[in-house]
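# Residue-level structural notes
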Amino acid sequence: MFVRLLGWLACLPFIVAQSPSNLSSSLSSQTFSASTVVTSSATLSSILTSSVLPSSVNVSSSAGETTSNDASPSTTSRTTVPIMSYTFTPYPSPTATGGDPSDPLAPPEAGSNKILDFSAAWAAAYDKAKAMVANFTLEEKVIVTTGVGWKNGRCVGNIQAIKDKGFPGLCLQDSPLGVRLADFVTAFPTGINAAATFNRRLIRLRGLFMGREHAGKGVNVALGPMMNMGRIAQGGRNWEGFGADPFLTGEATYETILGMQEAGVQACAKHLVGNEQEHFRTQESSEIDDRTQHEIYSHPFLRSIMAGVTSMMCSYNLLNGTYACETDKVMNDIIKREYGFQGYIMSDWQATESTISAITGLDMTMPGDVTIGSGDSYFGGNLTSYVQNGTIPEAPTRIIAGWYFAHQDDPSFPATNFDSSHPDSEATNEHVDVQEDHYKLVREIGAASTVLLKNTNNALPLNNPRTLVLLGSDAGSSRFGPNPFGPNQVGNDGILAMGWGSGTATLPYLISPLEAIQQRARKDHTTISWMLDDFNLTRAASAALKQSAALVFVNSDSGEGSGGDRTNLTAWHGGDDLVQATAASNNNTIVIVHSVGPLILEPWIEHPNVTAVLWAGAPGQEAGNSIADVLYGDWNPSGRLPYTIAKKPEDYSAQLVTGGSEDDIIVVSYTEGLYIDYRHFDAFKNITPRFEFGFGLSYTTFEYDGLSVERTGNVNDPMAAAWEAGEATEISVGSGTAAWLHEDAFKVTFGVTNTGLVYGGEIPQLYLNMPASAEEPPSILQGFDNVELAPGESKEVTIICHGTRFLSGILLPKDGGGRRELLV
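Heads up: these notes are all about the structure in this document.

The number of helices and strands found in the protein chain is 18 helices and 31 strands. A burial count over the protein chain gives 66% of its 824 residues as buried. The long-range share in the protein chain, meaning contacts at least 24 apart out of those at least 6 apart in sequence, stands at 79%.

Written out as structure tokens, the structure reads:
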């Protein structure tokens, strides 16, 4: 169900970026010694995979770009940064332009409409940082901004301590869903599941609890959240992020960071920017125009800055022909100048391409070495030499300021007490248990993120069924424990809790649906049977005969690195065939999907014997308990899809670009511009999705009434008044995050009533609808809320649209998920 708000222009701040006269940033540094200056990477590696890229690539463009899997992609050549002397002027701190003074340790409650102003907290941190850095030698300044090399410290990334100057060094550790490569930690639900809740309270708590676990392990910088967009349905790391809409991603990012940093850990917004596919990720150039960059791909990073994020991570890919970690336009002009970011930017692991990147905005190189174990670095001695010979200036203050900003100078902040490089070492692993009772939140988010896609004749919730059969390997546990494929989870056997790669955590345990449902069966005196062989269709059909219900579990996995993108959008392990074989012999077949992203459901979604479908994502260690809660109605499903499920893969506006050789830089053209996911489907009325973004059913029903729209913005603000009049507004450091640009513009109020028979949660969603002259997609998400109501209960709901824009109408839901327009 939806509330849609129609209007003249989006409530999206958009400032035309201008290149500054100086290329300026803080510098990165390193402890490695190198006798020569290296200017381009010979090898780019990730923790999982490596691919060779020559230091000089000059490839002429091939004919015609294609996104199909059976044709050669277009290629391009790399643009390098000139090696010359650069002047340096640090960006001034943005002038406070309103907002509520804030500190990372004391954010407002989740869902607050306050515009936060961290300028005083940053100013205090910079004063302390400048005083400390003033006592550093050049070599010590270099040490602060450079990792010590892969596996040369306890964490996945390490900055060496300068103990005699009072700096203890930094521990940087994955992941966006928990503390990676550590024991006695929680494996939280994935980012895509957090987004599917559309629930700011739960998203904030997830961030807070993850932050507490990182801080409790002595982690200074938690490498998350991940906020790359789900532009491509097959994208390998989509499950780490928050879906296919920039507003939803931005809000989930905002709440996650506020939660994490309240716990005392530094958050790291990643990956900056255009890293939407894994194939050839170190050898692909994402070609993105400036407007699309601002409105879609940079917007979550803007929101992260507004949440006070301490650090960012630049990505492996090229952006418009220049490697992301060398891109002055993004790191300096957009992030540090336009958005007024006062923290620091680190490279993804082995994504640093040259020493000169220190002048284009890179502040820290990770993990330090050029390639894993190479013993050399683009920073370190090279950076020292560049400073000494006048090529680039020195200014390593940002990283120290971030440490002070997070209050990690407090003596009570824990020292690192685990060793991800040597997990079996008793000398360096103290086995500190940081889990507390976080499993409760994991279970709640797992249930709250489950989306009810189909429910014919109220097949769900289950009501004391006499017999049940569970079919499919996803219903059970792995044969080899909760982590059968090692710490990176590269594989799938049994229930899917997360994808694979550096965005994972070690599962302390994993509750399967079979375990959880058996507990309920004992209570209800239900007879349970199961068959976990995905491919024995004859036996599955036989097992389903005469059962009160047949529960079929299917999944689909993906992850980081080469081969991480999905090659198709079908269920793994022959899941579609299993559903069809079961439905052929049981007229109450209920399908449960655990998947990292969209699947094509057409082979069976309209089968009359498929009575219900639950979309459960990748929900973490309590997966079985979460789905059992929804199946039995202990939790009324309130999750909503954070992406569109299409009828055909080619219906999506962007496709995975494959092909290329080891000498190529392939081109990934973002030619769809603003029209990703539902925006594309809304624009092309002849393409009907199977399930639209934001869709989700409930076990109860809701009605809306009493709509009112009130303008609330400060029209007396001179900048707002100039904007309204179409006049030029100030372009300065931090102009994109100025309070006037993000203040409340309209207040939309309406009533919601639970007209059904059971308690349930509703997710009203507010969309803007633009006139053709705005050249925007037809509908743009700009607000949402979660409302929990008992049968017959009503509540007044208020959704605030931020920004100074004129709104002209509302779309309210009608039965069946459709929409009707009510002009106001």
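Picking up after the structure, the text goes on.
Take the pattern of salt bridges next. What the rule picks out here adds up to 31 salt bridges. With a closest N to O distance of 3.1 Å, Arg520 and Asp634 form a salt bridge. Highlighted residues: Arg520 in helix H12 (residues 513–524) and Asp634 in the loop between helix H15 (623–631) and strand E22 (665–669), separated in sequence by 114 residues. The closest approach of N and O atoms between Arg640 and Glu762, which form a salt bridge, is 2.9 Å.

The sheet built from 6 strands is open, its strands ordered E7-E8-E9-E10-E12-E15 with mixed pairing. For this open sheet the edge positions go to strand E7 (157–159) and strand E15 (344–347), each flanked by a neighbour on one side alone. Pairing between strand E9 (residues 221–222) and strand E10 (residues 266–272): 2 bridges, direction parallel. Across the sheet, Val221 pairs through a bridge with Gln266, a residue of E10.

Turning our attention to the side chain of His294. Assignment of secondary structure puts His294 in helix H6 (residues 290–297). A polar contact of 2.9 Å, which involves the side chain of His294, links it to the backbone oxygen of Asp290.

Moving on, we come to the packing of aromatic side chains. This structure, assessed with the given rule, holds 15 aromatic pairs. When the centroid spacing of 5.5 Å and the interplanar angle of 85° are considered together, the rings of Phe167 and Trp403 count as edge-to-face. Remark: Trp403 occurs in helix H10 (residues 397–405) and Phe167 occurs in the loop between E7 and strand E8 (170–173); sequence separation between them is 236 residues. Using a relative accessible area of 4% as the deciding quantity, one classes Trp403 as buried. Measuring from centroid to centroid gives 5.2 Å for Phe691 and Phe695, while their planes differ by 35°, and the two rings are tilted. Pairwise contacts between aromatic rings join Phe198, Phe247, Tyr678, Phe693, Tyr767 and Phe784 into one cluster. Over the aromatic face of Phe784 sits the side chain of Arg200, whose NZ or CZ is 4.1 Å from the ring centroid. Above the plane of the ring of Tyr254 lies Arg303, whose end atom (NZ or CZ) is 4.1 Å from the centre.

Before going further, it helps to spend a moment on the side chain of Arg337. For Arg337, the location among the structural elements is in helix H8 (residues 328–338). Residue Arg337 is classed as buried on the basis of its relative accessible area of 6%. Among the polar contacts made by the side chain of Arg337, one reaches the side chain of Asp333 at a distance of 3.2 Å.

The subject of this paragraph is unusual backbone geometry. The bulk of non-glycine residues show a negative phi, and the bulk of peptide bonds are trans. A cis amide bond links Asp174 with the next residue in sequence, Ser175, at an omega value of 15°. Turning to its location among the elements, Ser175 is positioned in the loop between E8 and helix H3 (191–196). Unlike most non-glycine residues, Gln350 shows phi in positive territory, near 65°. With respect to the secondary-structure elements, Gln350 resides in the loop between E15 and helix H9 (381–388). Note on Gln350: relative accessible area 2%, which makes it buried. For Glu436, which is not a glycine, the phi torsion comes out positive at approximately 45°. Residue Glu436 is classed as exposed on the basis of its relative accessible area of 58%.

Let us look at the nonpolar core. By size, the foremost hydrophobic cluster in this structure holds 101 residues, and its most contacted members are Leu172, Met312, Ile335, Met346 and Trp349. The next biggest cluster of nonpolar side chains, apart from the first, holds 42 residues, and it includes Ala187, Ile192, Ala544 and Ile645.

The first and last C-alpha atoms of H12 sit 16 Å apart over 12 residues, in line with the 16 Å expected at 1.5 Å per residue. Inspection of H12 places Pro513, Leu514, Ala516, Ile517, Arg520, Ala521 and Asp524 among the buried residues, and these make up the whole buried set. Seen from one end, H12 has its buried residues packed into an arc of 160°, which puts them on one side. Among the exposed residues of H12, those pointing more than 90 degrees away from its buried face are Arg522 and Lys523. Next to the buried residues of H12 lie strand E17 (467–471), strand E18 (527–531), strand E19 (549–556) and H15. Phi turns positive, to about 60°, at His525, one or two residues after H12.

Attention now moves to the environment of His802. Checked against the element boundaries, His802 lands in strand E29 (residues 794–802). Along the backbone, His802 and His742 are 60 residues apart, and their C-alpha atoms lie at a distance of 5.4 Å. Within polar-contact distance, the side chain of His802 engages the backbone oxygen of His742 at 3.2 Å. Side-chain polar atoms of His802 contact the side chain of Asp744, separated by 3.2 Å.

Turning to the sheet that holds strand E11 (residues 284–287), a few remarks are in order. One open sheet holds the 5 strands; their spatial order is E4-E22-E11-E13-E14, and the pairing between them is mixed. The outermost strands of the open sheet, each flanked by one partner alone, are strand E4 (75–76) and strand E14 (322–323). Where E11 meets E22, 4 bridges bridge the pair, whose relative direction is parallel. Bridge pairing links Glu287 to Ser669 in E22.

Counting buried positions over the 8 residues of helix H7 (residues 299–306) gives 8, a clear majority of the element. Among the residues of H7, His299, Pro300, Phe301, Leu302, Arg303, Ser304, Ile305 and Met306 are the ones counted as buried. At the C-terminal side of H7, Gly308 shows a positive phi close to 85°.

Here Arg303 lies in helix H7. When the C-alpha atoms of Arg303 and Thr737 are compared, they prove to be 8.6 Å apart, with 434 residues separating the residues in sequence.

Rules of the game
Residues numbered from 1 in each chain as written. Predicted model: local features only at pLDDT ≥ 70, side-chain atom pairs only at ≥ 80, totals over all residues. Heavy atoms only, no water. Helix = DSSP H or I, 4+ residues; strand = E, 2+ residues; numbered from the N terminus. Buried < 20%, exposed > 50% of the residue type's maximum accessible area, 1.4 Å probe, protein only. Contact = heavy atoms within 4.5 Å. Salt bridge = Lys/Arg side-chain N within 4 Å of Asp/Glu carboxyl O. Pairing = 2+ DSSP bridges. Polar contact = N/O pair within 3.5 Å; in protein donor to acceptor, adjacent residues only side chain to side chain. Phe/Tyr/Trp six-rings, centres within 6.5 Å; stacked < 30°, edge-to-face > 60°. Lys NZ or Arg CZ within 6 Å of the ring centre and 35° of its normal. Core = buried A, V, L, I, M, F, W, Y, C linked by side-chain atoms within 4.5 Å. Expected span 1.5 Å × (residues − 1). Arc of directions from axis to C-beta.

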